[in-house]
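A structural walkthrough
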Amino acid sequence: AMYASFVLGFSLNTIVLLIQDLILLREKKTRIELENAALKIKNIEATNQHLKQQIHPHFLFNSLNTLKTLIKKNPDKAENYLVMLSDFLRASISTNTPNMVTLKDEIKLCFDYLEMQKIRFGEALQYTIEIPEEIRHSKFVPVFSILPLLENAIKHNILTSELPLYIKIEY
């Protein structure tokens, strides 16, 4: 009888220890997965921050040249252009810009960019933005997620009055 209770006790103890090891192993696996997820998020945030800090020098030089021309030809338009450029640069340089912004804020950035390009290219660049107000205010996107698409569309196309570039942003 003593032998049977010893075997039973030993068996129960072994089962309890196995279950404990299983629980500890699962907890460790979960902790490692959480750490990996946190590292991935930090990597994405760092990449996003890097993108925010990259102002295309070509764009900046073109903007300043456009501004120089406008100051001579149309001072009122130049002032408006300078305000848009200032807003645009503030948004792109600011280090406290969140990683996610309302669609409204991203569209405002795109609008300023497109308006500056429109001043530069005139009728060779045409665009429409068709996103309902309730969507603009209620949806979020990564900051600078739409703008690079616009930059590439303008950069990789030939814009002329005869063959204008049409850009349509819609929901």
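Residues numbered from 1 in each chain as written. Predicted model: local features only at pLDDT ≥ 70, side-chain atom pairs only at ≥ 80, totals over all residues. Heavy atoms only, no water.

Attention now goes to the environment of Asn 80. For Asn 80, the location among the structural elements is in helix α3 (residues 75–93). What makes Asn 80 partly exposed here is its relative accessible area of 43%. Remark: the alpha-carbon pair of Asn 80 and Leu 67, spanning 13 residues in sequence, is separated by 9.9 Å. (Helix = DSSP H or I, 4+ residues; strand = E, 2+ residues; numbered from the N terminus. Buried < 20%, exposed > 50% of the residue type's maximum accessible area, 1.4 Å probe, protein only.)

Next up on the list: helix α4 (residues 103–121). Along its 19 residues, α4 runs 26 Å from first to last C-alpha, staying within 8% of the 27 Å computed at 1.5 Å per residue. Three or more residues of α4 are buried, namely Leu 103, Glu 106, Ile 107, Leu 109, Cys 110, Asp 112, Tyr 113, Leu 114, Met 116 and Gln 117. Note on α4: the residue one or two positions beyond its end, Gly 122, has a positive phi of about 65 degrees. (Expected span 1.5 Å × (residues − 1).)

Attention shifts here to the pattern of salt bridges. Scanning all chains against the criterion turns up 10 salt bridges. Close ionic contact of Asp 87 with Lys 108 constitutes a salt bridge, the shortest N to O distance being 3.6 Å. In this pair, Asp 87 sits in helix α3 while Lys 108 sits in helix α4, placing the two residues 21 residues apart along the sequence. Between Asp 112 and Lys 108 there is a salt bridge, with the nearest N and O atoms lying 2.8 Å from each other. Placement of both Asp 112 and Lys 108 in helix α4 is noted, with a separation of 4 residues, approximately one turn of the helix. By relative accessible area, which is 4% here, Asp 112 ends up buried. (Salt bridge = Lys/Arg side-chain N within 4 Å of Asp/Glu carboxyl O.)

Glancing now at the packing of aromatic side chains. When we look at a pair of aromatic rings, we describe it by the centre distance and by the angle of the planes. Applying the stated criterion across every chain yields a total of 3 aromatic pairs. Measuring from ring centre to ring centre gives 6.4 Å for Phe 6 and Phe 10, while their planes differ by 20 degrees; the resulting arrangement is stacked. Of this pair, Phe 6 and Phe 10 both sit in helix α1 (residues 2–53), 4 residues apart, which is roughly one turn of that helix. There is no split in this pair, since Phe 6 and Phe 10 are both exposed. With 5.8 Å between their ring centres and 35 degrees between their planes, Phe 88 and Tyr 113 make a pair best called tilted. Here Phe 88 is found in helix α3, whereas its partner Tyr 113 is found in helix α4, with 25 residues between them in sequence. What makes Tyr 113 buried here is its relative accessible area of 4%. (Phe/Tyr/Trp six-rings, centres within 6.5 Å; stacked < 30°, edge-to-face > 60°.)

In this section: unusual backbone geometry. Not every positive phi belongs to a glycine, and Phe 144 is a case in point at roughly 60 degrees. For Phe 144, the location among the structural elements is in the loop between β3 (140–142) and α6 (147–155). For Phe 144, a relative accessible area of 10% translates into the label buried.

Glancing now at the packing of α4 against α6. Between α4 and α6, the least distance of the axes is 10 Å, while the angle of their chain directions is 20 degrees. In terms of orientation, α4 and α6 fall into the roughly parallel class. For the crossing formed where α4 meets α6, the hand is right-handed. Residues Glu 106, Leu 109, Cys 110, Tyr 113, Leu 114, Gln 117 and Phe 121 of α4 pack against Leu 147, Leu 150, Glu 151 and Ile 154 of α6. For the contact of α4 with α6, the per-class residue count stands at 8 nonpolar, 1 polar and 2 charged. (Axes fitted to C-alpha atoms, helices over the stretch in contact; angles between N-to-C directions. Parallel < 35°, antiparallel > 145°, perpendicular 65-115°, else oblique. Left-handed = near helix turned anticlockwise from the far one by under 90°. Contact = heavy atoms within 4.5 Å. Nonpolar A, V, L, I, M, F, W, Y, C, P; charged D, E, K, R; others polar.)

A few words on α6. Listing the buried residues of α6 in full gives Leu 147, Leu 150 and Ile 154. Relative to the axis of α6, the buried residues are bounded by an arc of 60 degrees and lie together on one face. With respect to the buried face of α6, the exposed residues turned more than 90 degrees away are Leu 149 and Lys 155. (Arc of directions from axis to C-beta.)

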